[in-house]
Amino acid sequence: MKKPISTDQAPGAIGPYSQAVDAGDFIYTSGQLGLNPQTGEFGADVQEQTRLSLSNVKAILEAAGTTMDNVVKTTVFLKDMNDFVPVNEVYSTFFTQPYPARSAVEVARLPKDALVEIEVIARK
């Protein structure tokens, strides 16, 4: 059984998908861009986009009844792997030990030409 999760505290889906899905013991978020949910505007740089992306993830998890402390896996998609260090600086402010497992990959292009997109899997 799966249940869609939705909140207006994060940008709405721009296609036929849910912001997140409750799949029993786990919440799976869709990739979140660094968009301000009120204005729809991107953050000015990769650090601000990372902060907004993770803030959107946090809002979705809260709507699902869980928190960032319960994140077990993240995937970070970067437009440019040279942004790895500045992204890590912001990323580290959202998580505490034990840190979730993570993958970080450079991709050819992200939706809306974003600089970063982050998805997570969290326990309920």
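Since the model is a prediction, treat every value here as computed from it, not as a measurement.

1. Quick notes on the overall build of the protein
So, step 1. A tally of helices and strands in the protein yields two helices and seven strands.
So, step 2. Shown N-terminal to C-terminal, the secondary structure of the protein runs as helices and strands in the order β-β-β-β-α-β-α-β-β.
So, step 3. The C-alpha atoms of the protein give 13 Å as radius of gyration, which agrees with the globular expectation for 124 residues (14 Å, within 12%).
So, step 4. With respect to the principal axes defined by its C-alpha atoms, the protein has extents near 40 × 30 × 25 Å.
So, step 5. Counting over 124 residues, the protein shows a buried share of 40%.

2. Examining the packing of aromatic side chains
Geometry of an aromatic ring pair is reported as the spacing of the ring centres plus the angle between the planes.
So, step 1. Scanning all chains against the criterion turns up two aromatic pairs.
So, step 2. When the ring of F26 is compared with that of Y28, the centres are 6.5 Å apart and the planes differ by 50°; the resulting orientation is tilted.
So, step 3. Here F26 falls in the partly exposed class, since its relative accessible area comes to 26%.
So, step 4. Relative accessible area serves as the criterion here: at 38%, Y28 is assigned to the partly exposed category.

3. So, the pairing of strand β7 (residues 116–123)
If a strand is regular, its side chains alternate between the two faces of the sheet.
So, step 1. Bridging between strand β3 (residues 26–29) and β7 involves three bridges; their strand directions are antiparallel. Considered in β7, the bridge of Y28 is made with I121.
So, step 2. For strand β5 (residues 71–78) and β7, the ladder comprises seven bridges, and the chain directions are antiparallel. In the strand pairing of β7, F77 is matched with E117.

4. So, the packing of helix α1 (residues 46–63) against helix α2 (residues 84–91)
So, step 1. Packing of α1 against α2 brings their axes to within 9 Å, and their N-to-C directions diverge by 40°. When the axis of α1 is compared with that of α2, the two are oblique. The crossing of α1 and α2 is right-handed. Where α1 approaches α2, its residues V46, Q47, T50, R51 and L54 are matched on the opposing element by P86, V87, E89, V90 and Y91.
So, step 2. A class-by-class count of the residues in the contact of α1 with α2 yields six nonpolar, two polar and two charged.

Rules of the game
Within each chain, residues carry numbers counting from 1 in the order of the written sequence. Reporting of local features is limited, given that this is a predicted model, to residues whose pLDDT is at least 70; pairs of side-chain atoms are given and counted only at 80 or more, and all residues count toward the totals for whole chains, interfaces and linings. Calculation of side-chain values draws on the structure's entire complement of heavy atoms; hydrogens and water are dropped beforehand. Helix and strand definitions here come from DSSP, where helices need a minimum of 4 consecutive H or I residues and strands a minimum of 2 consecutive E residues; each element is numbered from the N-terminal end. For the radius of gyration, the atom set is restricted to C-alpha positions; the globular benchmark scales as 2.2 Å times the number of residues to the power 0.38. In this scheme, a residue with accessible area under 20% of its type's maximum is buried, one over 50% is exposed, and one in between is partly exposed, where area comes from a 1.4 Å probe on protein chains only. Aromatic pairs are defined between Phe, Tyr and Trp rings, using the six-membered ring for Trp, whenever the two ring centres lie within 6.5 Å; interplanar angles under 30 degrees are classed as stacked, those over 60 as edge-to-face, and all others as tilted. Two strands qualify as a pair provided DSSP detects at least 2 bridges between them. Each axis is a line fitted through C-alpha atoms, and for a helix only the stretch in contact is used; angles between axes span 0 to 180 degrees, taken between their N-to-C directions. Note that the term roughly parallel is reserved for angles under 35 degrees, roughly antiparallel for angles over 145, roughly perpendicular for angles of 65 to 115, and oblique for everything else. Left-handed describes a crossing whose near helix is turned anticlockwise from the far helix through less than a right angle; right-handed describes the clockwise counterpart. Whether two residues touch is decided by their heavy atoms; if any such pair falls within 4.5 Å, the residues are in contact. In this classification, Asp, Glu, Lys and Arg are treated as charged, Ala, Val, Leu, Ile, Met, Phe, Trp, Tyr, Cys and Pro as nonpolar, and every other residue, Gly included, as polar.

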